[in-house]
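Residue-level listing of the chains:
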Amino acid sequence: MKNKSYTPLEKINSARRNSLTGFTLMELLVVIIIIGVLATLGLTHYGAYKEKTLDREAQANLKLIKAAEKIYRMENTFYYPSTGSTAVVSDINNYLKLQLTTTNWNYKINNATATTFTGKTQRVSDDNRVWCIDQANDVPYGCSW
C-alpha cells in the first residue's frame, strides 16, 4: 500500500470538510428545550402584564375625561351631561372634544349635575372590570357599572 501525500492546500480543504459537518441531533434538541423553557416563562407573565397595561389605559382615559369635564364646566358652569342623563362614547367625544375608542373599554358619564359627575369605564370582554372617577377623586377607583 502506498501512502498518498497531500499538498498543503488539500490538507486545508480536508480539514474544512470535516469541521462543516453541522449540528448533532442532541445539540438541536438542547437548543429547542431551552427555547421552550424561556417561552413558557415569558408567556406565564404576559397575561398579567397585558391586563395591567389595559387597566392603566382605562385609568388614563378617565383622567382625560375628568380634565375635559373641568374645562367643560369652566365654559358652561355645569358638567356634561347637565340633565343627569347618561352620555355614551360618541357624545363624550363630541361634547368634551376627546377621541376615546371602544376597542377595549366602554365609557360613560352619568350622575352629572352642576357640581358633580361620575365617569365610568367597563372592560369590553369582562363585566367585572370597572373603573370610576368623579370630581372629588384624582385617582380612578374600582366601582360597579
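To start, this report covers the structure provided alongside it. Remember, it's a predicted structure, so these values are computed and weren't measured experimentally.

### Brief notes about the sheet that holds strand β1 (residues 87-88)
- What the 5 strands build is an open sheet, ordered β1-β2-β3-β4-β5; its pairing is antiparallel. Looking at which strands have only one partner, the edges of the open sheet turn out to be β1 and β5 (141-142).
- Sheet topology places strand β4 (residues 126-134) next to β5; 2 bridges connect them, and they run antiparallel. Looking at the pairing, W131 lines up with G142 of β5.
- Against the sheet, helix α2 (residues 25-76) touches β2 (105-110), β3 (118-123) and β4, its axis set at about 35 degrees to β4.

### Quick word on the pattern of salt bridges
- With the rule as written, the count across this model stands at 4 salt bridges.
- Taking the shortest distance from any N to any O, the salt bridge between E51 and R123 comes out at 2.7 Å. On the criterion of sequence distance, the pair formed by E51 in helix α2 and R123 in strand β3 is long-range, its members being 72 residues apart.
- What makes R123 buried here is its relative accessible area of 9%.
- Within the structure, one salt-bridge network assembled from shared partners comprises E51, D55, R123 and R129.

### Notes on the environment of S144
- With respect to the element layout, S144 can be found in the segment after β5.
- Taking relative accessible area as the criterion, S144 reaches 55% and is therefore assigned exposed.
- With 12 residues separating them along the chain, S144 and C132 place their C-alpha atoms 8.2 Å apart.
- Leave out the neighbours within four places in its chain, and S144 touches K120, V130 and C132.

### Description of the packing of aromatic side chains
- Applying the stated criterion to the full structure yields 4 aromatic pairs.
- When the ring of Y79 is compared with that of F117, the centres are 4.8 Å apart and the planes differ by 50 degrees; the resulting orientation is tilted. Taken together, the positions of Y79 in the loop between α2 and β1 and F117 in the loop between β2 and β3 put the pair 38 residues apart, joining distant regions of the chain. F117 shares its class with Y79; the two are buried.
- Lying across the ring of W105, R123 places its NZ or CZ 5.9 Å from the centre.

### Quick look at α2
- In this model, α2 (52 residues) spans 74 Å end to end at C-alpha, consistent with the 76 Å of a helix rising 1.5 Å per residue.
- If you look at α2, its biggest bend is around 30 degrees, right at Y46.
- Among the residues of α2, those classed as buried are L54, D55, A58, N61, L62, I65, K66, A68, E69 and Y72.
- Residues of α2 that are buried in the fold lie against α3 (89-95), β2, β3 and β4.
- Positive phi appears at T77, one or two residues downstream of α2, with a value of about 65 degrees.

### Here we look at a nonpolar patch on the surface
- Taken together, the side chains of L25, M26, L29, V30, I33, I34, V37, L38 and L41 present a nonpolar region at the surface, about 910 Å² in accessible area.
- With respect to the helices, strands and loops of the structure, L29 is situated in helix α2.
- Here L29 falls in the partly exposed class, since its relative accessible area comes to 41%.

Scoring rules and cut-offs
- Residues numbered from 1 in each chain as written.
- Predicted model: local features only at pLDDT ≥ 70, side-chain atom pairs only at ≥ 80, totals over all residues.
- Heavy atoms only, no water.
- Pairing = 2+ DSSP bridges.
- Helix = DSSP H or I, 4+ residues; strand = E, 2+ residues; numbered from the N terminus.
- Contact = heavy atoms within 4.5 Å.
- Axes fitted to C-alpha atoms, helices over the stretch in contact; angles between N-to-C directions.
- Salt bridge = Lys/Arg side-chain N within 4 Å of Asp/Glu carboxyl O.
- Buried < 20%, exposed > 50% of the residue type's maximum accessible area, 1.4 Å probe, protein only.
- Phe/Tyr/Trp six-rings, centres within 6.5 Å; stacked < 30°, edge-to-face > 60°.
- Lys NZ or Arg CZ within 6 Å of the ring centre and 35° of its normal.
- Expected span 1.5 Å × (residues − 1).
- Bend = angle between axes of the 7 residues up to and from the residue.
- Patch = residues over 30% accessible without salt bridge, like charges linked within 9 Å, V, L, I, M, F, W, Y side chains within 5 Å.
- Areas by Shrake-Rupley, 256 points an atom, 1.4 Å probe, with all protein chains shown as cover.

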